[in-house]
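Per-entry structural report
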Amino acid sequence: MSIRLIRQESETPNVSNHDDARMVRYAYGGYDGFVKNRGQEIGYAISGASFVVQSGVINLQGWEVEVDANGVSIPTSASVTNKQYYSVYLEVNCATDTAEIKSLTDPAGYPEISESDDLTQNTIGTARLLLYHFTATGGVIADIEKMVQGISYVDEIVAEINQRLDEMGFKEASSENGGIVLQNGWEDVASPKFSVARMAKMAVMETMYVETSSAVTVSGNRITNVKNPIAILSEKFRPKKTIIANGSLSVDTSFLPYYFDVTITINTDGTITSSTPTGSASSPIYPVSEEHKAKIQCSNVGWELP
(Lines give C-alpha, C1' and ligand atoms only; values in the text may rest on other atoms or scores of the structure.)
Protein backbone atom coordinates (compact mmCIF):
# COMPACT_ATOMS: atom_id res chain seq x y z
CA MET A 1 0.00 0.00 0.00
CA SER A 2 1.62 3.27 -1.11
CA ILE A 3 -0.53 5.66 0.91
CA ARG A 4 -2.44 5.38 4.16
CA LEU A 5 -5.05 7.67 5.68
CA ILE A 6 -4.30 7.71 9.37
CA ARG A 7 -7.42 7.05 11.47
CA GLN A 8 -9.51 5.94 8.51
CA GLU A 9 -12.66 3.99 9.28
CA SER A 10 -11.60 0.39 9.63
CA GLU A 11 -12.50 -2.72 11.54
CA THR A 12 -8.80 -3.33 11.96
CA PRO A 13 -7.21 -0.17 13.43
CA ASN A 14 -3.98 0.67 11.69
CA VAL A 15 -2.91 3.55 13.94
CA SER A 16 0.38 2.87 15.71
CA ASN A 17 1.67 4.48 18.88
CA HIS A 18 4.31 6.15 16.69
CA ASP A 19 1.51 7.93 14.82
CA ASP A 20 0.10 9.17 18.12
CA ALA A 21 3.53 10.21 19.39
CA ARG A 22 4.19 12.35 16.31
CA MET A 23 0.84 14.07 16.76
CA VAL A 24 1.46 14.71 20.46
CA ARG A 25 5.01 15.90 19.81
CA TYR A 26 3.91 18.69 17.51
CA ALA A 27 0.79 19.43 19.55
CA TYR A 28 3.22 20.39 22.31
CA GLY A 29 5.17 22.51 19.84
CA GLY A 30 8.12 20.13 19.93
CA TYR A 31 8.79 20.89 23.62
CA ASP A 32 9.68 18.24 26.18
CA GLY A 33 8.78 18.51 29.86
CA PHE A 34 6.06 17.83 32.39
CA VAL A 35 2.38 18.60 31.84
CA LYS A 36 1.20 21.38 34.11
CA ASN A 37 -1.60 20.81 36.63
CA ARG A 38 -1.30 17.04 36.39
CA GLY A 39 -0.55 15.10 39.58
CA GLN A 40 2.34 16.55 41.55
CA GLU A 41 3.89 17.92 38.34
CA ILE A 42 6.86 15.53 38.70
CA GLY A 43 7.74 16.95 42.10
CA TYR A 44 9.99 15.18 44.55
CA ALA A 45 10.01 13.81 48.08
CA ILE A 46 12.65 12.27 50.33
CA SER A 47 11.84 8.98 51.97
CA GLY A 48 14.66 7.92 54.28
CA ALA A 49 17.69 7.45 52.05
CA SER A 50 15.61 7.39 48.86
CA PHE A 51 14.80 10.18 46.43
CA VAL A 52 11.21 9.87 45.15
CA VAL A 53 10.01 11.31 41.85
CA GLN A 54 6.35 12.16 42.41
CA SER A 55 3.30 11.82 40.18
CA GLY A 56 2.58 13.57 36.91
CA VAL A 57 2.87 13.26 33.15
CA ILE A 58 6.09 13.79 31.21
CA ASN A 59 6.24 14.32 27.46
CA LEU A 60 9.40 13.22 25.65
CA GLN A 61 9.31 13.69 21.87
CA GLY A 62 5.57 13.04 21.93
CA TRP A 63 5.79 9.92 24.09
CA GLU A 64 3.76 10.67 27.21
CA VAL A 65 4.77 8.85 30.38
CA GLU A 66 2.63 8.91 33.51
CA VAL A 67 4.03 8.52 37.00
CA ASP A 68 1.28 7.35 39.36
CA ALA A 69 0.60 8.39 42.96
CA ASN A 70 3.19 5.93 44.28
CA GLY A 71 6.02 7.74 42.50
CA VAL A 72 9.36 6.27 41.49
CA SER A 73 12.00 5.70 44.16
CA ILE A 74 15.74 6.23 43.57
CA PRO A 75 17.64 4.58 46.46
CA THR A 76 20.95 5.89 47.80
CA SER A 77 23.37 4.05 50.05
CA ALA A 78 23.95 5.01 53.67
CA SER A 79 27.18 3.04 53.59
CA VAL A 80 28.77 5.33 50.98
CA THR A 81 30.18 8.16 53.06
CA ASN A 82 31.72 10.21 50.24
CA LYS A 83 29.48 12.65 48.38
CA GLN A 84 27.86 11.14 45.31
CA TYR A 85 26.34 13.14 42.45
CA TYR A 86 23.10 11.85 40.95
CA SER A 87 21.44 12.55 37.60
CA VAL A 88 17.86 11.29 37.43
CA TYR A 89 16.33 10.92 33.98
CA LEU A 90 13.44 9.49 32.02
CA GLU A 91 14.22 6.96 29.31
CA VAL A 92 11.80 5.95 26.55
CA ASN A 93 12.85 2.85 24.58
CA CYS A 94 10.84 2.36 21.41
CA ALA A 95 12.51 -0.98 20.65
CA THR A 96 10.87 -2.47 23.75
CA ASP A 97 7.97 -0.01 24.10
CA THR A 98 9.00 0.76 27.67
CA ALA A 99 9.61 3.82 29.81
CA GLU A 100 11.72 3.99 32.96
CA ILE A 101 13.02 6.59 35.37
CA LYS A 102 16.68 5.84 35.99
CA SER A 103 19.70 7.43 37.63
CA LEU A 104 23.44 7.68 37.12
CA THR A 105 25.91 8.49 39.87
CA ASP A 106 29.49 9.74 40.00
CA PRO A 107 31.75 10.90 42.85
CA ALA A 108 33.27 13.75 40.80
CA GLY A 109 30.21 15.56 39.42
CA TYR A 110 26.81 15.15 37.83
CA PRO A 111 26.96 12.47 35.13
CA GLU A 112 26.08 13.40 31.56
CA ILE A 113 23.02 11.71 30.08
CA SER A 114 23.56 9.94 26.75
CA GLU A 115 22.34 11.74 23.65
CA SER A 116 18.83 10.85 22.51
CA ASP A 117 17.70 9.38 19.22
CA ASP A 118 15.06 11.26 17.23
CA LEU A 119 12.07 9.00 17.82
CA THR A 120 10.19 10.43 14.85
CA GLN A 121 12.97 9.25 12.54
CA ASN A 122 14.14 6.19 14.47
CA THR A 123 11.11 4.09 15.42
CA ILE A 124 13.22 1.69 17.52
CA GLY A 125 15.38 4.39 19.09
CA THR A 126 15.90 5.48 22.68
CA ALA A 127 15.41 8.99 24.07
CA ARG A 128 16.26 10.45 27.48
CA LEU A 129 15.21 13.52 29.43
CA LEU A 130 17.06 14.83 32.51
CA LEU A 131 14.68 15.30 35.46
CA TYR A 132 16.76 16.03 38.58
CA HIS A 133 20.19 16.59 40.00
CA PHE A 134 20.92 15.88 43.66
CA THR A 135 23.75 14.74 45.92
CA ALA A 136 23.82 12.08 48.61
CA THR A 137 26.33 11.62 51.40
CA GLY A 138 25.87 8.62 53.69
CA GLY A 139 22.23 8.41 52.64
CA VAL A 140 21.59 12.12 53.34
CA ILE A 141 20.12 13.76 50.22
CA ALA A 142 20.88 17.43 49.45
CA ASP A 143 21.48 19.98 46.65
CA ILE A 144 18.25 19.05 44.86
CA GLU A 145 17.70 20.84 41.54
CA LYS A 146 14.72 20.19 39.30
CA MET A 147 15.99 20.18 35.73
CA VAL A 148 12.81 19.30 33.85
CA GLN A 149 10.55 22.24 32.91
CA GLY A 150 6.80 22.51 32.55
CA ILE A 151 5.48 22.75 29.00
CA SER A 152 3.93 26.14 28.34
CA TYR A 153 0.66 26.29 26.47
CA VAL A 154 0.25 28.58 23.47
CA ASP A 155 -1.55 31.33 25.39
CA GLU A 156 1.22 31.34 28.01
CA ILE A 157 3.92 31.54 25.35
CA VAL A 158 2.14 34.47 23.66
CA ALA A 159 1.74 36.24 27.01
CA GLU A 160 5.45 35.76 27.77
CA ILE A 161 6.42 37.12 24.35
CA ASN A 162 4.19 40.18 24.81
CA GLN A 163 5.62 40.80 28.27
CA ARG A 164 9.17 40.52 26.94
CA LEU A 165 8.41 42.93 24.08
CA ASP A 166 6.85 45.34 26.56
CA GLU A 167 9.95 45.18 28.79
CA MET A 168 12.15 45.87 25.75
CA GLY A 169 10.04 48.89 24.87
CA PHE A 170 8.15 47.54 21.87
CA LYS A 171 4.93 49.22 22.94
CA GLU A 172 2.82 52.00 21.51
CA ALA A 173 2.08 55.10 23.58
CA SER A 174 -0.61 57.74 23.11
CA SER A 175 -2.17 60.67 24.91
CA GLU A 176 -4.79 58.28 26.30
CA ASN A 177 -2.32 56.00 28.09
CA GLY A 178 -0.01 58.69 29.39
CA GLY A 179 2.66 58.52 26.71
CA ILE A 180 2.14 62.24 25.92
CA VAL A 181 0.51 64.86 28.15
CA LEU A 182 -0.70 68.25 26.89
CA GLN A 183 0.69 71.25 28.76
CA ASN A 184 -0.88 74.43 30.19
CA GLY A 185 -2.54 76.59 27.56
CA TRP A 186 -3.56 73.63 25.42
CA GLU A 187 -6.50 72.51 27.54
CA ASP A 188 -8.93 73.37 24.74
CA VAL A 189 -7.59 70.55 22.54
CA ALA A 190 -10.45 68.05 22.66
CA SER A 191 -9.05 65.12 20.65
CA PRO A 192 -5.27 65.32 20.29
CA LYS A 193 -3.72 62.74 18.01
CA PHE A 194 -0.36 61.44 19.16
CA SER A 195 1.17 58.10 18.24
CA VAL A 196 4.63 57.24 19.54
CA ALA A 197 6.16 53.81 19.12
CA ARG A 198 9.24 52.56 20.93
CA MET A 199 11.47 49.79 19.58
CA ALA A 200 14.40 48.89 21.81
CA LYS A 201 16.61 52.02 21.86
CA MET A 202 14.68 53.93 19.20
CA ALA A 203 11.40 55.85 19.30
CA VAL A 204 9.26 57.22 16.47
CA MET A 205 6.57 59.86 16.71
CA GLU A 206 4.33 58.59 13.93
CA THR A 207 1.68 61.28 14.32
CA MET A 208 1.29 64.60 16.08
CA TYR A 209 -1.88 66.59 15.36
CA VAL A 210 -3.57 69.22 17.54
CA GLU A 211 -6.29 71.76 16.93
CA THR A 212 -6.46 74.76 19.24
CA SER A 213 -8.75 77.76 19.55
CA SER A 214 -6.61 79.67 22.04
CA ALA A 215 -2.93 78.64 22.06
CA VAL A 216 -2.10 80.40 18.77
CA THR A 217 -2.42 84.18 18.52
CA VAL A 218 -3.14 85.96 15.21
CA SER A 219 -2.81 89.69 14.52
CA GLY A 220 -3.76 90.86 11.05
CA ASN A 221 -2.27 88.37 8.63
CA ARG A 222 0.53 87.28 10.95
CA ILE A 223 0.81 84.63 13.66
CA THR A 224 2.39 86.46 16.58
CA ASN A 225 2.63 83.68 19.14
CA VAL A 226 2.45 79.92 19.63
CA LYS A 227 2.15 79.00 23.29
CA ASN A 228 4.86 76.52 24.31
CA PRO A 229 5.43 73.83 25.32
CA ILE A 230 2.60 72.00 23.56
CA ALA A 231 3.02 68.64 25.27
CA ILE A 232 5.48 66.48 27.19
CA LEU A 233 6.60 62.90 26.58
CA SER A 234 6.72 60.38 29.37
CA GLU A 235 10.23 59.74 30.63
CA LYS A 236 10.74 56.45 28.78
CA PHE A 237 10.18 58.18 25.40
CA ARG A 238 12.47 61.19 25.86
CA PRO A 239 15.26 61.59 23.29
CA LYS A 240 18.96 61.20 23.99
CA LYS A 241 19.55 64.60 22.35
CA THR A 242 17.33 67.44 21.12
CA ILE A 243 15.43 66.59 17.94
CA ILE A 244 14.48 69.20 15.31
CA ALA A 245 11.76 68.32 12.78
CA ASN A 246 9.67 70.04 10.13
CA GLY A 247 5.99 70.60 10.78
CA SER A 248 3.12 72.75 9.58
CA LEU A 249 0.66 75.19 11.11
CA SER A 250 -2.55 76.06 9.29
CA VAL A 251 -5.03 78.84 9.99
CA ASP A 252 -8.09 79.95 8.03
CA THR A 253 -7.83 83.01 5.81
CA SER A 254 -10.62 84.96 4.11
CA PHE A 255 -10.24 82.57 1.17
CA LEU A 256 -8.64 79.19 2.04
CA PRO A 257 -6.60 77.78 4.95
CA TYR A 258 -3.04 79.02 4.84
CA TYR A 259 -0.18 76.69 5.75
CA PHE A 260 2.96 77.91 7.47
CA ASP A 261 6.17 75.96 7.88
CA VAL A 262 7.15 75.59 11.52
CA THR A 263 9.94 73.90 13.43
CA ILE A 264 8.93 71.20 15.88
CA THR A 265 11.46 70.61 18.65
CA ILE A 266 11.50 67.54 20.91
CA ASN A 267 13.70 68.36 23.88
CA THR A 268 15.61 65.99 26.13
CA ASP A 269 13.25 66.82 29.01
CA GLY A 270 10.38 65.51 26.85
CA THR A 271 8.80 68.87 26.03
CA ILE A 272 7.49 69.37 22.48
CA THR A 273 7.54 72.93 21.15
CA SER A 274 6.70 74.73 17.91
CA SER A 275 8.27 77.85 16.44
CA THR A 276 6.31 80.94 15.47
CA PRO A 277 6.14 81.31 11.65
CA THR A 278 8.02 84.28 10.24
CA GLY A 279 5.95 84.62 7.05
CA SER A 280 2.59 86.31 6.41
CA ALA A 281 -0.50 84.97 4.71
CA SER A 282 -1.39 86.25 1.25
CA SER A 283 -4.74 87.43 2.59
CA PRO A 284 -5.99 88.36 6.08
CA ILE A 285 -6.19 85.47 8.56
CA TYR A 286 -9.31 84.92 10.61
CA PRO A 287 -8.73 85.28 14.36
CA VAL A 288 -8.29 81.85 15.90
CA SER A 289 -11.57 80.76 17.51
CA GLU A 290 -13.79 77.73 18.00
CA GLU A 291 -14.95 78.15 14.37
CA HIS A 292 -11.45 78.77 12.99
CA LYS A 293 -9.00 76.63 14.93
CA ALA A 294 -5.28 76.60 14.31
CA LYS A 295 -3.87 73.18 13.43
CA ILE A 296 -0.31 72.04 14.11
CA GLN A 297 0.95 68.74 12.77
CA CYS A 298 4.11 66.72 12.32
CA SER A 299 4.76 63.06 11.50
CA ASN A 300 7.38 60.32 11.21
CA VAL A 301 10.06 61.76 13.48
CA GLY A 302 12.53 59.29 14.98
CA TRP A 303 15.13 59.56 17.71
CA GLU A 304 17.54 57.59 19.82
CA LEU A 305 16.70 56.91 23.47
CA PRO A 306 19.20 57.23 26.32
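Residues numbered from 1 in each chain as written. Predicted model: local features only at pLDDT ≥ 70, side-chain atom pairs only at ≥ 80, totals over all residues. Heavy atoms only, no water.

Another aspect to go through is the pairing of strand S15 (residues 216-219). Residues Val216 and Val218 line the buried face of S15, whereas the alternating positions Thr217 and Ser219 sit on a face that is not buried. Where S15 meets strand S16 (residues 222-226), four bridges bridge the pair, whose relative direction is antiparallel. Residue pairing in the sheet places Val216 in a bridge with Val226 of S16. (Buried < 20%, exposed > 50% of the residue type's maximum accessible area, 1.4 Å probe, protein only. Helix = DSSP H or I, 4+ residues; strand = E, 2+ residues; numbered from the N terminus. Pairing = 2+ DSSP bridges.)

Bringing the confidence of the model for the chain into the picture now. Residues at a pLDDT of 70 or more form 91% of the chain, whose mean pLDDT is 88. Taken together, the stretch residues 173-178 has pLDDT below 50 and engages in 14 contacts with residues farther than four places along the chain or on a different chain. (pLDDT = per-residue confidence, 0-100. Contact = heavy atoms within 4.5 Å.)

With respect to the helices and strands, Ser219 occurs in strand S15. A residue is classified by how much of its surface remains accessible, and Ser219, at 46% relative accessible area, is partly exposed. The spacing of Ser219 and Pro287 is 68 residues in sequence and 7.4 Å in space, taken between C-alpha atoms.

In this section: the sheet that holds strand S10 (residues 140-146). Read from one edge to the other, the open sheet built from four strands follows the order S8-S7-S9-S10, with strand pairing classed as antiparallel. Of all the strands in the sheet, just strand S8 (98-106) and S10 have a single pairing partner and so form its edges. Pairwise comparison of adjacent strand axes, ignoring direction, gives a mean angle of 25° for this sheet. Relative to S8, strand S7 (residues 84-93) runs antiparallel, the two being bridged by nine bridges. Bridge pairing links Tyr86 to Thr105 in S8. (Axes fitted to C-alpha atoms, helices over the stretch in contact; angles between N-to-C directions.)

What follows concerns the packing of aromatic side chains. The tally for this structure, following the rule as stated, stands at seven aromatic pairs. Ring centres of Tyr85 and Tyr110 lie 5.1 Å apart, and the angle between their planes is 90°; on these two criteria the pair is classed as edge-to-face. Placement of the pair is Tyr85 in strand S7 and Tyr110 in the loop between S8 and strand S9 (126-137), with a sequence separation of 25 residues. Here Tyr110 falls in the partly exposed class, since its relative accessible area comes to 29%. The structure contains a cluster of three or more aromatic residues connected by ring pairs, namely Tyr44, Phe51, Tyr86, Tyr132 and Phe134. Cation over ring: Lys146 sits above Phe34, and NZ or CZ is 4.1 Å from the ring centre. (Phe/Tyr/Trp six-rings, centres within 6.5 Å; stacked < 30°, edge-to-face > 60°. Lys NZ or Arg CZ within 6 Å of the ring centre and 35° of its normal.)

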